[in-house]
Amino acid sequence: MTTPHTATFTRLARRYAVLAITTVCTLLAALVTAPLFATAAAADGPLFNYGPSDADAIAVQSGVYDHTGGPGTPQWYDHTNLTVAVFAPPNTDPQMVAAIHQGIATWHRFLADRLPIVSLTDVTNDASRRGSADIVVHYAPHAGGVVWGGNAICGYQHCSNVVVKSEEPPGGPYPDFDPIRLLRMTVHEVGHALGLGHATPLLESRDVMAYGWVHYAVDPTTGKYTYVYRTPILSDCDLRGIAATFEWALKGQAPHPATVSSIDC
Ligand SMILES: [Zn+2]
């Protein structure tokens, strides 16, 4: 979360500082510097690759800010059985909502397999629990305009304003997101909600917590953009970052924020 964005990233990459915000993510846009539109068709593989990260490091959000317990206290959790709920407008495309749930399920499975002391349970359909979910994902199709694609606003012991979108402004150069893009972006944003910052190098790494798994290419004749995907890595390093967030649980200690701000990959 401390990575400065480069000049080529200014369209979308902006960071905000708002009360209790630990992440405003602008997951999108590495402009392909020498665009070759003929090769720009999305070349995609599996939804995710799993294993070692190609990143140098991944930021750990918990503990990198002042965490004195008062207003503006940064995100961290004093429990490990996290819940998440998805809220979407009525009449939303069910494919898109399903993609968001699949993104959450991806984390659910990954944690259950690899870091079972931390759990993430989708309680969207549990009326008694969804109102108090630790993490709330809002699907706001047109949110963000041209500025961002995903946005995770987290506070003390909760992350109640994770926003994902899919629709780009009509008439602009950018195509809408498809469900796979939305699913992957959900994994990225929920990764923030779980305590991860960004992986570096931000624009090049394919780690799901970086931006290098999606680039733009521009058609020089129309000025229209197309996305160029590379399969993101849901990485061992992501997992280590979350383990740092929940260090207290792993060590049997009283709950406390992470004691490191970054994990070397
Ligand atoms: Zn992000």
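Quick note: structure is the one above.
## Details of the overall build of the protein
Regarding its fold elements, the protein presents four helices and 13 strands. Here the protein holds 265 residues, and 43% of them are scored as buried. Contacts in the protein between residues far apart in sequence, at least 24 positions, make up 73% of those at least 6 positions apart.

## Some points on the nonpolar core
Counting residues in each nonpolar core, the largest one holds 57 residues, and the members touching the most others are I58, V84, I100, I135, V137, V162 and V190. Broken down by element, this core gets its largest block of residues, six residues, from helix 2 (residues 179-193).

## Topic: unusual backbone geometry
Residue P201 follows T200 across a cis peptide bond; omega there is 0 degrees. In this fold, P201 is placed in the loop between strand 9 (196-200) and strand 10 (214-218). We note that N91 has phi near 65 degrees; this positive angle belongs to a residue other than glycine. By C-beta crowding, N91 is classed as exposed, having 6 other C-beta atoms within 10 Å.

## Section: the environment of I153
As for its position among the elements, I153 is in strand 7 (residues 150-155). The spatial distance from the C-alpha of I153 to the C-alpha of V136 is 9.8 Å, given a sequence separation of 17 residues.

## Let's talk about helix 3 (residues 236-245)
Among the ten residues of helix 3, seven are classified as buried, and the element is accordingly described as predominantly covered. Turning to helix 3, its buried residues are C237, D238, L239, G241, I242, A244 and T245.

## Considerations on the environment of Q102
When you line up the elements, Q102 lands in helix 1 (residues 94-114). By the C-beta count within 10 Å, which is 17 here, Q102 ends up partly exposed. Sequence separation between Q102 and L183 is 81 residues, and the spatial gap between their C-alpha atoms is 6.4 Å.

## Focus on helix 1
Between its terminal C-alpha atoms helix 1 stretches 30 Å, which fits the 30 Å expected from 21 residues at 1.5 Å a residue. All of the buried residues in helix 1 are M96, A99, I100, G103, I104, T106 and W107. When helix 1 is viewed along its axis, its buried side chains cluster within an angular range of 135 degrees and face the same direction. The outward face of helix 1, more than 90 degrees from its buried face, is lined by the exposed residues P94, Q95, R109, A112 and D113. Each element contacted by the buried residues of helix 1 is listed here: strand 4 (81-87), strand 5 (119-122), strand 6 (135-139), strand 8 (158-164), helix 2 and strand 12 (233-235).

## A look at the sheet that holds strand 3 (residues 57-60)
Ordered by their spatial adjacency, three strands build an open sheet running 9-3-13, and the pairing between neighbours is antiparallel. Strands with a single pairing partner mark the edges of an open sheet, and in this sheet they are strand 9 and strand 13 (262-264). Taking the axes of each pair of neighbouring strands and ignoring which way they run, one obtains an average angle of 20 degrees across the sheet. Pairing analysis gives three bridges linking strand 3 to strand 9, with the strands arranged antiparallel. Note on strand 9: the bridge partner recorded for V60 is L196. The sheet strands contacting helix 3 are strand 3, strand 9 and strand 13, and the helix crosses strand 3 at an angle near 25 degrees.

Cut-off values and rules
- Residues numbered from 1 in each chain as written.
- Predicted model: local features only at pLDDT ≥ 70, side-chain atom pairs only at ≥ 80, totals over all residues.
- Helix = DSSP H or I, 4+ residues; strand = E, 2+ residues; numbered from the N terminus.
- Buried ≥ 20, exposed ≤ 12 C-beta atoms within 10 Å, placed from the backbone.
- Contact = placed C-beta atoms within 7 Å.
- Core = buried A, V, L, I, M, F, W, Y, C linked by C-beta atoms within 7 Å.
- Expected span 1.5 Å × (residues − 1).
- Arc of directions from axis to C-beta.
- Pairing = 2+ DSSP bridges.
- Axes fitted to C-alpha atoms, helices over the stretch in contact; angles between N-to-C directions.

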